[in-house]
Amino acid sequence: MRRVGRVDTCPLTVVGVARTARTTKADTPVQAGLNRAEHGAVHVAEEFAEGLAELDGFDYAWLVSWLDRHGETGEAPLVQVPYLLRRTPRPVGLFATRSPRRVNPIGLSLVRLLGVEGTTVRFAGVDLLDGTPIVDIKPYVAAFDLPPGEPRCGWVDEVALAEGATPASLDPR
């Protein structure tokens, strides 16, 4: 492996676990924004409870997850056909996808916060399997996260995005 930075690996601590009704990857929505109505929760470890102070003052948050059950073995291919392009297969570079099969299987979900009670963060916008490790929660801040104008979204601009789209619903078979 070619070293490109100061370190070759970095440790991550699991701060909590996602609790959702989703148990299979094939039937889990491909993005939180395509499943805005479904509710879930993050159960944060007690040792990180203080870190939740003031989070309930935000409407949205980013859940940073470790996609531990992408279901594939071996290294992630650097060129893949994303779920959203399965009907008209077109390979694109890994870093131009939101695929769960990555060099580091880190997930990023923008969810609507419904409440924080003790060590439980309730949210809407489920795209995670039940039991998915959460490695961080960051508030969504429009001044930082909302780019100006109408940003280009590459090949995704060419795809019809259906509410509730799952890998199974996008399979052309």
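A short tour of the structure in this document, coming up. For clarity, every value in this text was computed on a predicted model and none was experimentally measured. (Residues numbered from 1 in each chain as written. Predicted model: local features only at pLDDT ≥ 70, side-chain atom pairs only at ≥ 80, totals over all residues. Heavy atoms only, no water.)

Further remarks concern the overall build of the chain. What the chain contains, in helices and strands, is two helices and eight strands. N-terminal to C-terminal, the α/β element order of the chain is β-β-β-β-β-β-β-β-α-α. Against the compact-globule benchmark of 16 Å for 173 residues, the chain has a radius of gyration of 17 Å, which places it among compact chains. Each of the three principal axes of the chain carries a C-alpha extent, and together these read 45 × 40 × 35 Å. For the chain, buried positions account for 37% of its 173 residues. Just so you have it, the chain exposes about 11,000 Å², and 54% of that area is on carbon and sulfur atoms. (Helix = DSSP H or I, 4+ residues; strand = E, 2+ residues; numbered from the N terminus. Rg over C-alpha atoms; globule rule 2.2 N^0.38 Å. Buried < 20%, exposed > 50% of the residue type's maximum accessible area, 1.4 Å probe, protein only. Areas by Shrake-Rupley, 256 points an atom, 1.4 Å probe, with all protein chains shown as cover.)

Another aspect to go through is the sheet that holds strand β3 (residues 60-66). Spatially, six strands are ordered β1-β2-β7-β6-β3-β8 in a closed barrel, and the strand pairing comes out antiparallel. With strand direction ignored, the average angle separating the axes of adjacent strands in the sheet is 45°. Note: strand β1 (residues 16-19) against strand β8 (residues 133-139), two bridges, orientation antiparallel. Bridging across to β8, Gly 16 finds its partner in Ile 134. (Pairing = 2+ DSSP bridges. Axes fitted to C-alpha atoms, helices over the stretch in contact; angles between N-to-C directions.)

Moving on, we come to the side chain of Thr 28. Considering the arrangement of structural elements, one finds Thr 28 in the loop between β1 and β2 (39-44). The buried category is assigned to Thr 28, whose relative accessible area is 6%. Within the structure, Thr 28 has its side chain in polar contact with the backbone oxygen of Thr 24 (distance 2.6 Å). Leaving out residues up to four positions away in the same chain, Thr 28 has contacts with Arg 22, Asp 127, Leu 128, Leu 129, Ala 165, Thr 166 and Pro 167. (Polar contact = N/O pair within 3.5 Å; in protein donor to acceptor, adjacent residues only side chain to side chain. Contact = heavy atoms within 4.5 Å.)

On to the pattern of salt bridges, then. The full count for this structure, using the stated rule, is six salt bridges. Between Arg 122 and Glu 117 there is a salt bridge whose closest N-O contact spans 3.1 Å. (Salt bridge = Lys/Arg side-chain N within 4 Å of Asp/Glu carboxyl O.)

Counted under the stated rule, the structure contains two aromatic pairs. Taking the centre distance of 6.2 Å and the plane angle of 70° together, the rings of Tyr 60 and Tyr 140 count as edge-to-face. Linking Tyr 60 in strand β3 with Tyr 140 in the loop between β8 and α1 (142-145), this pair joins segments that are 80 residues apart in sequence. Residue classification places Tyr 60 among the partly exposed residues on the basis of a relative accessible area of 34%. By relative accessible area, Tyr 140 is classed as partly exposed at 21%. Ring geometry for Trp 62 versus Tyr 140: centroids 6.2 Å apart, planes at 50°, classification tilted. Of this pair, Trp 62 sits in strand β3 while Tyr 140 sits in the loop between β8 and α1, placing them 78 residues apart in sequence. (Phe/Tyr/Trp six-rings, centres within 6.5 Å; stacked < 30°, edge-to-face > 60°.)

The next point concerns the nonpolar core. Counting residues in hydrophobic clusters, the biggest one holds 18 residues, and the most contacted among them are Val 42, Leu 63, Val 121, Ile 134 and Ile 137. Mapped onto this core, the elements with two or more residues apiece are β2, β3, β6 (106-117), β7 (120-124) and β8. One finds Leu 85, Trp 155, Val 159 and Ala 165 within the second-largest nonpolar core, a separate group that totals 10 residues. (Core = buried A, V, L, I, M, F, W, Y, C linked by side-chain atoms within 4.5 Å.)

Honestly, that's just the spatial picture; any functional story needs more than this.
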